[in-house]
Amino acid sequence: MTKVVVAGAGSIGSLLAAHLSRVADVTVLTRREEHAAALREQGLRVSGRSDFTTELGATADAAELPSDAELAILACKGTDLEPLAALLEGALPGARVMTIQNGLGAEEVVAAHGEWPLLSAVTFMSGTRHGDAHVEYVLDTATWIGPYRGTTHEDARRVAELIEAGGLKAKAFPDLRPAQWSKLIFNATVNGVAALTGLPHDFHFAQTEQLSDLGHLVRDLVDEGRAVAVASGVELHDDPWEMNVLATQRGHRHFPSMLEDVEAHRPTEVESINGALVREAERHGVPVPLQTAVYRLVKAREASYSE
Amino acid sequence: MRICVVGTGAVGSLFAANLSLLDGVEVWAYDLAQEHVDAINRGGLRLSGAGDVVGHPRATSDAGELPPCDFGIVATKAMHTSPAIAATAHAFTEGCVATVQNGLGNEETLARHVERVIRGTTFPAGKLLEPAHVQWDVKGDTTFGPYDERTPLAEVERLADACTRAGMPAKAVDDARGPQWRKVIFNASTNPIGALTGLTHGRVVERPDLRALVTGLVDEGKAVASAQGIELDADPEELIDHAARKDVAYDHKASMLQDVEARRPTEVDYLNGGIVRFGHERDIKTPLNAAIQALVKGVEASWTQS
């Protein structure tokens, strides 16, 4: 069986590791040793849209990772990627390494730490962790994969097929940027507004009846993002406003990670999402006053509890 | 002279308690909080802090008890203006009604119920500690001016004079929109930023990126004021930087932040929402104020979820 390393066992990492372990030989790299111990002893349970418990390898020591792994998925949060990539320097010599973080720039962070062939991914699935050895599969939307450095569309397709075989949804693209940018604009807008208002992603985000309704702001933020994509030469794969409306119509109140982070007083991914978008806008001379305001407000919100 | 203060939270209490000490002035305090009303009638209305005063206005929660008054001073939160004046308008058929509230649009609301309206902007502040007891945090000036030609300036002067004699310095001017817009722009550009980020006034101002956002909001407010021919009596930017000094209000949590922390409805519709509305009438774009209003409305909506 294909040997796969999944580094980071938050909800996305756990979902990937559990499903892949049904069709591959999976080792999970965790930050905490007791997390790895729990996975080794209890296996990993998935509830929700899948329902099974699986056995897999787990370690908190990067030196113990199988040196012949063919694929490594770095599934940590964007804020943890730099230290993780540094930790993996020199390891996993035969692996293709796939990033799956929100926002922009994850590939460059990893590229700076090794010569691995790289794949890009964005994921639209979601899950909720109920402890170290149990994850609930909530939204069964797809993970999209594309080549980045030293890889091809065919490589992306093989990884997508492996993930699909494990029971998740995945799709390969010749160029991921259109999809990545759709999600970037969607995340910068929805996650930022959710973090500032305390609202989960629900009907308010598409409401446009009254002038002060939140939907107007969401649409204006999306329009600014679209202008940046145009200036960057990216043709969006999906319209972020439609993604927003569709998500609110599912009747499921999704709590974006940025909202969960500010409520738990944790650092957020605002730099790699909102910061990345605003910096791209500056680079191309596109005015984005509203995205800039959201970016600054979330940064300040972080400062209110981190200083 | 008979004056009724409508709404005796912190600011209303400052007016009611101080005015009640004047000879020849009878002060009524109208408030819906029965505990507060009963306590005032039992032991008087106490202010402590910037001034120590025990006043004895007659308090009631029953608008029907109010006798005809020469002046009303409306000091409710802006979202309560309409029901408060609808209940009390009968007491002011021969008098003038002044607003000392925050925000834009209060005068228009009052003018739908009473004939003579006085535009007012006040800077003293405090907080209600317990029924009939208000902490007076800062002293400050009040400016009054006629809302329209139906209000004689002489009446405005009579009210300003009474307030001044009572220790609440006030002046009467022809056009009181300048100070009103300066305060509204100050509040709209700083309060919601505190409310959305959790930062005190000083910490908002010392972050260069946030300070720039504040200036963006101020500039929109100035453009809307200027389109109406309003001349600000001072630059809100100066007020913002002055208030950020450690010896002034660096550690002050904006009232809107206090509201958000206590999950009370905010006055954002009358601050940023007012700037957006007046801007819309004059075709002036106010995208940042609109964004801020939508975000704070979102915060309020989040409390009724889950």
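Below or above, wherever it landed, is the structure these notes cover. (Residues numbered from 1 in each chain as written. Chains lettered and ligands numbered in written order. Predicted model: local features only at pLDDT ≥ 70, side-chain atom pairs only at ≥ 80, totals over all residues. Heavy atoms only, no water.)

### Digging into the sheet that holds strand 2 (residues 25–29) of chain A
All names here are of chain A. Filter applied, for reference: By the convention used here, strands pair only if DSSP detects at least 2 bridges between them. Helix and strand assignments follow DSSP, with helices taken as H or I runs no shorter than four residues and strands as E runs no shorter than two, numbered in order from the N terminus. To obtain each axis, a line is fitted to C-alpha atoms, and for helices this fit is confined to the stretch in contact; angles are then taken between N-to-C directions over 0 to 180 degrees. Note on contacts: a residue pair is in contact if any heavy atoms of the two residues lie within 4.5 Å.
Across the sheet, 8 strands lie side by side as 5-2-1-6-7-8-11-12; this open sheet has mixed pairing. Each having just a single partner strand, strand 5 (57–59) and strand 12 (170–172) make up the two edges of the open sheet. Neighbour-to-neighbour, the strand axes of the sheet open up by a mean angle of 25 degrees, direction not taken into account. Pairing of strand 2 with strand 5, which is carried by 3 bridges, proceeds in the parallel orientation. Across the sheet, the residue bridging to threonine 27 is glycine 57, located in strand 5. With respect to the sheet, helix 5 (residues 153–165) is in contact with strand 1 (3–7), strand 6 (71–74), strand 7 (96–99), strand 8 (118–123), strand 11 (143–149) and strand 12, its orientation differing from that of strand 12 by roughly 170 degrees.

### Thoughts on the packing of aromatic side chains
A ring pair, where both rings are aromatic, is described by two values, the distance of the centres and the angle of the planes. The line we're drawing: Only Phe, Tyr and Trp rings are paired, with Trp represented by its six-membered ring, and only when their centres lie within 6.5 Å; those with planes under 30 degrees apart are stacked, over 60 edge-to-face, the remainder tilted. By definition here, charges over rings are those cases where NZ of Lys or CZ of Arg is within 6 Å of the ring centre and within 35 degrees of the ring normal.
One pass over the full model with this rule turns up 3 aromatic pairs over all chains. When the ring of Trp181(B) is compared with that of Phe278(B), the centres are 5.7 Å apart and the planes differ by 85 degrees; the resulting orientation is edge-to-face. Of this pair, Trp181(B) sits in helix 6 (residues 177–197) while Phe278(B) sits in helix 11 (residues 272–281), placing them 97 residues apart in sequence. An aromatic cluster is present here, built from Phe124(A), Trp144(A) and Phe173(A) joined pairwise through their rings. In this arrangement the basic side chain of Arg219(A) is found over the ring face of Trp241(A), its NZ or CZ atom lying 4.8 Å from the centre.

### Notes on the interface of chain B and chain A
We apply this condition: By convention, the term buried area covers the 1.4 Å-probe accessible surface removed from two parts as they join, with the contributions of both added. Polar contact criterion, stated in full: a pair of N or O atoms within 3.5 Å, where within protein one must be able to donate a hydrogen and the other to accept it, and residues adjacent in sequence count only if both atoms are side-chain atoms. Only Asp, Glu, Lys and Arg are considered charged, only Ala, Val, Leu, Ile, Met, Phe, Trp, Tyr, Cys and Pro nonpolar, and every remaining residue, Gly among them, polar.
At the junction of the two partners, chain B supplies 25 residues and chain A supplies 24 residues. Between chain B and chain A, roughly 2,000 Å² of surface is buried when both sides are summed, and carbon and sulfur atoms account for 67% of that area. The interface formed by chain B and chain A holds 5 residue pairs in polar contact (both at pLDDT 80 or more) in total. Per-element accounting of the side of chain B that touches chain A gives the leading share, 12 residues, to helix 12 (residues 287–302) of chain B. Split by residue class, the side of chain B that touches chain A holds 14 nonpolar, 7 polar and 4 charged.

### Some thoughts on the pattern of salt bridges
Residue and element names in this part refer to chain A. Basically, it comes down to this: Here a salt bridge means any side-chain nitrogen of Lys or Arg lying within 4 Å of a carboxyl oxygen belonging to Asp or Glu. Accessible area is worked out with a 1.4 Å probe on protein chains only. A residue is then buried under 20% of its type maximum, exposed over 50%, and partly exposed in between.
By the definition in use, this model includes 38 salt bridges over all chains. Residue aspartate 155 is joined to arginine 158 by a salt bridge in which the shortest nitrogen-to-oxygen separation is 2.9 Å. Placement of the pair is aspartate 155 and arginine 158 together in helix 5, with a separation of 3 residues, close to one helical turn. On the accessibility criterion, arginine 158 (44% relative accessible area) is partly exposed. Its salt-bridge partner being aspartate 223, residue arginine 226 comes within 2.6 Å of it at the nearest N-O pair. Note that arginine 226 and aspartate 223 are positioned in helix 7 (residues 214–231) at a spacing of 3 residues, about one turn of the helix. The exposure class of aspartate 223 is partly exposed, given its relative accessible area of 35%. Salt bridges sharing common partners tie together Arg96, Glu154, Asp155, Arg157 and Arg158.

### Topic: the nonpolar core
Here is the rule we go by: We define the nonpolar core as a collection of buried residues of types Ala, Val, Leu, Ile, Met, Phe, Trp, Tyr and Cys that are connected through side-chain atoms lying within 4.5 Å of one another.
Grouped together as the largest cluster of nonpolar side chains are 89 residues, with contacts concentrated most on Trp181(A), Leu217(A), Leu297(A), Trp181(B) and Ile193(B). Examining the composition of this core, we find that 11 residues originate from one element, helix 6 (residues 177–197) of chain A, more than from any other. For Trp181(B), the residues in contact, after removing those within four places along its chain, are Leu104(B), Gly221(B), Val224(B), Ala225(B), Gln228(B), Ile230(B), Leu232(B), Ile275(B) and Phe278(B).

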